[in-house]
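Analysis of the macromolecular model
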Amino acid sequence: MNEILKAIKLAAPKIADALKYADKGYATSENQTGDRQLKLDILSDEIIFNELKKCQSIKAIISEEREGADEINPNGKYIVAYDPLDGSSLVDVNFSVGSIFGIYEGEAIASNLKAAVYTIYGARLELVSALENEAVKLYQLGKDGEFGFVKEIALSQKGKLNATGATQKGWSETHAKLVRALFNEGYRLRYSGAMVADLHQILLKGGGLFSYPATTDAPNGKLRLLFEVLPFALIYERAGGEGVAANGTRLLDIKVNSFHQTSPCYFGSKYEINEVKNSL
Ligand code: AHG
Ligand code: MN
Ligand code: MN
């Protein structure tokens, strides 16, 4: 596990650098989910893949930007699934974006998720980890090139922020009512459109709700289980919050049938997730 964390720590500054200086334009290709790829999506994927493939403990690697799993070491213990550049459609407007990693032992299914890590490329380069049997920890890249520990992250019982995505005209009545009820209670809208940045804000501001619901045009939502939804579900649970699907079931209990499977998702502190369950 330490080896994998080290590989992530080597890849992240290279991606932060690429975001500053490399070509921000589109490539001519699409990924597995049909998203148009930026050259930076492909470059970030290569940077991470090249570091992860050196790890003896990794059996296979799954990426948002690759079709199948890449087998690395037949005797490796872990499968690492990652989103190399989350929020990449916001690179052109210079918003914060990130990378997300899920570390699975054995098969890549929810119950095997052992650890999750994300990095966020903003004014600072930060890394948040939820390793096996550990609290959620925030690190920051220092001038010396090392990630220094900043603090542990824990959610309050109730927050103040409401971050909800997807096309509003495609929302269900249930979702629209939930969002409206939170605003009526005094919650404030905070949504950039990069889930790493939006979930990071809620974690560091003590709580709130992030939702990416089902819509009429995307009944299974948009966010992908193995490298977006499940890693954040683990991090939110470890921080004292919860992550649930549209029917209120725990995200970490969802059956994963394919690498690029998506699910509607709700992440938050205890109070807001109870509101989600009560709204059903
Ligand atoms: P990615 O850039 O990896 O494709 O992911 C983008 C995701 C996520 O970061 C964000 O919450 C969501 O897409 C935004 O989608 P909408 O623009 O539909 O709100
Ligand atoms: Mn993403
Ligand atoms: Mn991505």
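Just above, that's the structure.
Report on the accompanying structure.

This brings us to the overall build of the protein chain. In terms of helices and strands, the protein chain carries six helices and 15 strands. Relative to a compact globule of 280 residues, whose C-alpha radius of gyration would be 19 Å, the protein chain shows 18 Å and is just as compact. Considering only C-alpha atoms, the protein chain reaches an extent of 50 × 40 × 40 Å along its principal axes. Considering the protein chain as a whole, with its 280 residues, one finds that 54% of them fall into the buried category. Restricting the contact set of the protein chain to residue pairs at least 6 apart, pairs at least 24 apart contribute 58%. Total accessible area on the protein chain stands at roughly 12500 Å², and carbon and sulfur atoms take up 46% of it.

Among the 18 residues in the neighbourhood of ligand 1, the closest are listed as D86, G87, M195, Y212 and K222. In the environment of ligand 1, an oxygen atom lies 2.8 Å from a nitrogen or oxygen atom belonging to the side chain of D86. Taken by itself ligand 1 offers 470 Å² of open surface, and the protein chains cover 82% of this. Among the elements of the structure, β5 (78-86) and β13 (208-212) are those that each provide at least two residues to the shell around ligand 1.

Glancing now at the coordination of the manganese ion (ligand 2). For the manganese ion (ligand 2), the full set of protein donor atoms is D83 (OD), D86 (OD) and E228 (OE), and the range of their distances to it is 1.8 to 2.2 Å. All donor residues of the manganese ion (ligand 2) come from one chain, and their arrangement in sequence is D-x2-D-x141-E. Overall, D86 belongs to the buried group, its relative accessible area being 5%.

Before going further, it helps to spend a moment on the coordination of the manganese ion (ligand 3). On the protein side, the manganese ion (ligand 3) has E64 (OE), D83 (OD) and L85 (O) as donor atoms, found 2.2 to 2.4 Å from it. Between the two metals, the manganese ion (ligand 3) and the manganese ion (ligand 2), the spacing is 3.8 Å, and D83 donates to both. Within this pair, whereas E64 is found in the loop between β3 (58-63) and β4 (69-71), its partner L85 is found in strand β5, the two being separated by 21 residues in sequence. Neither residue differs from the other here; E64 and L85 are each classed as buried.

We now examine helix α4 (residues 195-204). Extensive coverage of α4 is indicated by the burial of eight of its ten residues. Within α4 the residues assigned to the buried category are M195, V196, A197, D198, L199, H200, I202 and L203. Immediately beyond the C-terminal end of α4, within one or two residues, lies G206, with a positive phi of roughly 95°.

Applying the stated criterion to the full structure yields seven aromatic pairs. Between the aromatic rings of F210 and F267, the centroid separation amounts to 6.1 Å while the plane-to-plane angle is 50°, which identifies the pairing as tilted. Of this pair, F210 sits in strand β13 while F267 is found in strand β15 (residues 265-268), placing the two residues 57 residues apart along the sequence. Among the residues examined, F267 registers a relative accessible area of 0% and is labelled buried. Through a chain of ring-to-ring contacts, the aromatic side chains of Y118, Y191, F210, F232, Y236 and F267 assemble into a single cluster. A cation over a ring is seen here: R36 above Y26, with NZ or CZ 4.1 Å from the ring centre.

Bringing helix α3 (residues 173-184) into the picture now. Between the first and last C-alpha of α3 there are 16 Å, a value that for twelve residues agrees with the 16 Å anticipated at 1.5 Å per step. Restricting attention to buried positions, one finds in α3 the residues H175, L178, V179 and L182. Taken down its axis, α3 places every buried residue within 95° of arc, on the same side. Exposed and oriented more than 90 degrees from the buried face of α3 are E173, K177, R180 and N184.

Analysis parameters
Residues numbered from 1 in each chain as written. Chains lettered and ligands numbered in written order. Predicted model: local features only at pLDDT ≥ 70, side-chain atom pairs only at ≥ 80, totals over all residues. Heavy atoms only, no water. Helix = DSSP H or I, 4+ residues; strand = E, 2+ residues; numbered from the N terminus. Rg over C-alpha atoms; globule rule 2.2 N^0.38 Å. Buried < 20%, exposed > 50% of the residue type's maximum accessible area, 1.4 Å probe, protein only. Contact = heavy atoms within 4.5 Å. Areas by Shrake-Rupley, 256 points an atom, 1.4 Å probe, with all protein chains shown as cover. Near = heavy atom within 4 Å. Polar contact = N/O pair within 3.5 Å; in protein donor to acceptor, adjacent residues only side chain to side chain. Donors = N, O, S within 2.8 Å, 3.2 Å for Na, K, Ca; no water. Phe/Tyr/Trp six-rings, centres within 6.5 Å; stacked < 30°, edge-to-face > 60°. Lys NZ or Arg CZ within 6 Å of the ring centre and 35° of its normal. Expected span 1.5 Å × (residues − 1). Arc of directions from axis to C-beta.

Structural measurements only, silent on function.
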